[in-house]
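Single-letter residue listing:
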Amino acid sequence: MIKIATLVGCAIGDALGNPFEMKPASSPALKEWDGLFKAGGTFWKGEAGQYTDDTLMSMALTASLIERNGFEPANVAENYLAWYESGNTRGIGTTTANAIHNLQHGATWQESGLKHSIDGLPAGGNGTAMRASPIGLWYRKEPELLLESAMLDASITHNSFEPKMGSVAVALATA
């Protein structure tokens, strides 16, 4: 029960946070927020209470963990590609979209993740951390596999240090 509750909590947090994505903590909209679901968003203008690509990718990751009884990066990448090709991308970021585009064009999961963004800086973003809780749940009693899986999952889309560490942090906190 706790596992399902964690994933539902992540989806609720995603839906609550979407309208405030990329806004600073000093944003009037955030300061005046009443705690209820709101419509809007920066990358995707969802209806109040709708979750985004982050939850959809968490669902694809969870399905792979269950189907394969553990983390298999090639299968996770296939699930991400199938999700992307469904067209239900709800706010996908540029780095993730480019990485999935790489998968579409024959890149392996080891090759798909971006190391640098278009401005030449290391590929950043919080999408990897947003989808890491299933890894923390699955490997909560196996910290070495948790660390390895969180970093490998991040590398499918964001193959740079900070997104990998964000994934590790969330997976560890979830565990």
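The preceding data block contains the structure.
Just so it is clear, the structure is predicted and the values come from calculations on it, not from any experiment.

Before going further, it helps to examine the pattern of salt bridges. Per the counting criterion, the structure on display carries 4 salt bridges. For Asp34, the salt bridge identified is with Lys38, shortest N-O distance 3.0 Å. What makes Lys38 partly exposed here is its relative accessible area of 30%. A salt bridge links Asp153 to Arg131, with the nearest nitrogen and oxygen atoms 2.9 Å apart. Of the two residues, Asp153 sits in helix H9 (residues 143-157) while Arg131 sits in the loop between helix H7 (127-130) and helix H8 (133-138), which places them 22 residues apart along the sequence. Of the two residues examined, Asp153 and Arg131, each falls in the buried class.

Another point: the packing of aromatic side chains. Under the counting rule described, the total for this entry stands at 2 aromatic pairs. Ring centres 6.4 Å apart and planes at 65° place the aromatic pair Trp83 and Tyr84 in the edge-to-face group. Take Tyr84: its relative accessible area is 22%, and that puts it in the partly exposed class. Note that Arg90 overlies the ring of Tyr51, its terminal NZ or CZ placed 4.8 Å from the centroid.

In this section: H9. A turn of α-helix holds 3.6 residues, and therefore any two residues three or four places apart point the same way. With 15 residues, H9 extends 22 Å from end C-alpha to end C-alpha; this agrees with the ideal 21 Å at 1.5 Å per step. The complete set of buried residues in H9 reads Leu146, Ser149, Ala150, Asp153, Ala154, Ser155, Ile156 and Thr157.

Unlike most non-glycine residues, Met22 shows phi in positive territory, near 75°. With respect to the helices and strands, Met22 occurs in the loop between helix H1 (2-17) and helix H2 (28-31). You can call Met22 exposed: its relative accessible area is 63%. Phi is positive for Arg90, which is not a glycine, with a value near 30°.

Turning to the environment of Thr55, a few remarks are in order. Counting through the fold element by element, Thr55 comes out in helix H3 (residues 53-68). For Thr55, a relative accessible area of 8% corresponds to the buried category. Residues Thr55 and Phe20 lie 35 residues apart in sequence; the distance between their C-alpha atoms is 16 Å. The contact partners of Thr55, leaving out residues within four places of it in the chain, are Cys10, Ala11 and Asp14.

This brings us to the nonpolar core. Core analysis: the largest hydrophobic core is formed by 24 residues, its most contacted members being Leu61, Phe71, Tyr80, Ile135 and Ile156. Once residues lying within four places of it in the same chain are set aside, the contact partners of Tyr80 are Met57, Ala60, Leu61, Ile100, Arg131, Asp153 and Ile156.

Further remarks concern the side chain of Asn79. With respect to the helices and strands, the residue Asn79 is situated in helix H4 (residues 73-85). Classification of Asn79 by relative accessible area gives buried; the value is 17%. Filtering out sequence-adjacent residues up to four positions away, Asn79 remains in contact with Ala60, Ala63 and Ser64.

This part is about the packing of H9 against helix H10 (residues 161-174). One can describe the packing of H9 onto H10 by two numbers: an axis separation of 8 Å at closest approach and a directional angle of 135°. One element, H9, and the other, H10, form an angle in the oblique class. The handedness of the crossing between H9 and H10 comes out as right-handed. Here H9 contributes Leu146, Leu147, Ala150, Met151, Ala154 and Ser155 to the contact with H10, which in turn contributes Pro163, Lys164, Met165, Ser167, Val168, Ala171 and Leu172. Split by residue class, the contact of H9 with H10 holds 10 nonpolar, 2 polar and 1 charged.

Reading the values: rules and limits
Residues numbered from 1 in each chain as written. Predicted model: local features only at pLDDT ≥ 70, side-chain atom pairs only at ≥ 80, totals over all residues. Heavy atoms only, no water. Salt bridge = Lys/Arg side-chain N within 4 Å of Asp/Glu carboxyl O. Buried < 20%, exposed > 50% of the residue type's maximum accessible area, 1.4 Å probe, protein only. Helix = DSSP H or I, 4+ residues; strand = E, 2+ residues; numbered from the N terminus. Phe/Tyr/Trp six-rings, centres within 6.5 Å; stacked < 30°, edge-to-face > 60°. Lys NZ or Arg CZ within 6 Å of the ring centre and 35° of its normal. Expected span 1.5 Å × (residues − 1). Contact = heavy atoms within 4.5 Å. Core = buried A, V, L, I, M, F, W, Y, C linked by side-chain atoms within 4.5 Å. Axes fitted to C-alpha atoms, helices over the stretch in contact; angles between N-to-C directions. Parallel < 35°, antiparallel > 145°, perpendicular 65-115°, else oblique. Left-handed = near helix turned anticlockwise from the far one by under 90°. Nonpolar A, V, L, I, M, F, W, Y, C, P; charged D, E, K, R; others polar.

Worth remembering: the numbers are spatial, not functional.
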